[in-house]
Amino acid sequence: MPTASPISTEPLLSVRPTHLAGPGDADLPSLLAERHGWFRPYNSPTHVVLVSGTTGIALSTGSGTAPLSLTGIGWSVGFCHQVPAEITQSLLDEAATGLLHRPDLFTGTGLLAGHHARAALLAAGWSGHHRDGYELVSAPDRRAALSFPLEAPGSEVMLTGAAKKGTWTVRFGATAPEPLLTAATAALLAPAVRRAGQLPARHRNLLTTQTLAERPPRTGRFDAARARNTAAPPVPTALPLSDRPRTGSSASVPAPRHRPS
């Protein structure tokens with residue numbers, strides 16, 4: 001008979017910045033199935049994990065830099081397994097709930113501009129600059145960035161951060177719905193909830209943590225907003241805030257590379 005997993009005795013922690021907190025413990029299919037009623041059709045292709053009923057959105061598996069993808073009518077968002085759970089869960093929550101209230105926003109009819117995401121990051125102390133053909137909005141520690149192509153506006157927009165190994169990435173197709181990027185950005189700026197054992201060892205001395213009262217971990221964009229209101233304000237970073245990106249550091253997020261034409 002299967003045995004129950006041991007219950008961790010480590011306290012829950014409110015962790016900042018979220019882009020260095022690690023992936024946490026996310027069960028994306030369960031989130032969509034239990035919270036939003038997504039399901040897997042009996043005759044669907046093997047790469048399809050779940051679909052959203054008759055609305056045409058699917059969570060699928062893939063390969064390469066985006067082993068998971070959320071696809072709709074004319075758009076897609078891809079992400080890797082190292083993305084912090086709060087970001088992917090908020091993105092999926094927004095897709096599931098947005099379909100019910102504004103289905104017209106999820107038809108891939110316009111280019112992703114990212115105005116709300118830019119404004120939120122800049123207001124939080126991130127800095128904007130141009131580098132290697134991209135507009136970057138970078139975190140104060142230069143270990144996360146939102147990037148837009150300058151010369152190819154029809155290309156994907158990327159949200160990247162330092163991971164336990166390499167970087168984590170969320171790739172928004174050029175016609176991805178604007179609310180998905182906005183929700184992911186809001187979760188990125190809110191504190192993450194982790195136990196000490198879940199924090200990447202390489203980032204422990206870069207994180208600010210605060211013990212929380214024991215409770216089930218909160219996830220999704222609505223819970224992220226509640227966590228943002230109750231968590232302690234972030235401690236100002238001691239890292240330099242230069243106008244130019246760092247170079248030569250394995251922890252820094254590199255500028256996106258141009259795709260071959």
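Placed above this text is the structure.
Residues numbered from 1 in each chain as written. Predicted model: local features only at pLDDT ≥ 70, side-chain atom pairs only at ≥ 80, totals over all residues. Heavy atoms only, no water.

(A) Up close: helix 4 (residues 178-189). Relative to the 16 Å expected for 12 residues at 1.5 Å per residue, helix 4 spans 17 Å between its end C-alpha atoms, a close match to the ideal helical length. Among the residues of helix 4, P179, L180, L181, A183, A184, T185, A187 and L188 are the ones counted as buried. The elements touched by buried residues of helix 4 are strand 5 (75-79), helix 2 (85-101), helix 3 (115-123), strand 8 (144-149), strand 9 (157-162) and strand 10 (167-172). (Helix = DSSP H or I, 4+ residues; strand = E, 2+ residues; numbered from the N terminus. Expected span 1.5 Å × (residues − 1). Buried < 20%, exposed > 50% of the residue type's maximum accessible area, 1.4 Å probe, protein only. Contact = heavy atoms within 4.5 Å.)

(B) The pattern of salt bridges, seen in detail. Following the criterion strictly, the structure yields 5 salt bridges and no others. Across the pair D93 and R35 runs a salt bridge, and its minimum N-O distance is 2.7 Å. Of the two residues, D93 is situated in helix 2 and R35 in helix 1 (residues 28-36); the sequence distance between them amounts to 58 residues. With relative accessibility at 40%, the residue R35 sits in the partly exposed group. (Salt bridge = Lys/Arg side-chain N within 4 Å of Asp/Glu carboxyl O.)

(C) Representation of the pairing of strand 6 (residues 127-131). Note that strand 6 and strand 7 (residues 134-138) share 5 bridges and pair antiparallel. Bridge pairing in strand 7 places H130 opposite E135. Following strand 6, the chain reverses through 2 residues before pairing antiparallel with strand 7; D132 in that reversal takes a positive phi of roughly 50°. (Pairing = 2+ DSSP bridges.)

(D) Fine view of the sheet that holds strand 2 (residues 48-51). With antiparallel pairing, the 9 strands of this open sheet are ordered in space as 2-3-4-5-10-9-8-7-6. Edge positions in the sheet fall to strand 2 and strand 6, since each has one partner strand and no second. Shown here is a sheet whose adjacent strand axes are inclined to one another by a mean of 20°, direction ignored. As defined by bridge partners, strand 4 (residues 68-72) adjoins strand 5 across 5 bridges and the pair is classed as antiparallel. (Axes fitted to C-alpha atoms, helices over the stretch in contact; angles between N-to-C directions.)

(E) Structural view of the sheet that holds strand 1 (residues 12-16). The antiparallel open sheet is built from 3 strands, whose spatial order is 11-1-12. Because the sheet does not close on itself, it has two edges, and the strands there are strand 11 (192-195) and strand 12 (208-211). Looking at each pair of strands side by side, their axes are set apart by 40° on average, direction ignored. Here 4 bridges tie strand 1 to strand 11, and the two strands are oriented antiparallel to one another. What sits directly across from L13, in strand 11, is R194.

(F) Local environment of the environment of G108. By secondary structure assignment, the location of G108 is in the loop between helix 2 and helix 3. With 66 residues separating them in the primary sequence, G108 and A174 have C-alpha atoms 8.7 Å apart.

(G) Just the packing of helix 1 against helix 2, in detail. Here helix 1 crosses helix 2 at 35°, and the two axes come no closer than 11 Å. You can see that helix 1 and helix 2 cross each other, and the crossing is right-handed. When helix 1 is examined against helix 2, the residues L28, L31, L32, R35 and H36 are found in contact with a partner set consisting of T88, Q89, L92, D93, A96 and T97. Its residues assigned to classes, the contact of helix 1 with helix 2 comprises 5 nonpolar, 4 polar and 2 charged. (Left-handed = near helix turned anticlockwise from the far one by under 90°. Nonpolar A, V, L, I, M, F, W, Y, C, P; charged D, E, K, R; others polar.)

(H) Representation of the side chain of R195 in the model. Tracing the sequence through the fold places R195 in strand 11. Engagement of the side chain of R195 in a polar contact is seen with the backbone oxygen of E10, the distance being 2.2 Å. (Polar contact = N/O pair within 3.5 Å; in protein donor to acceptor, adjacent residues only side chain to side chain.)

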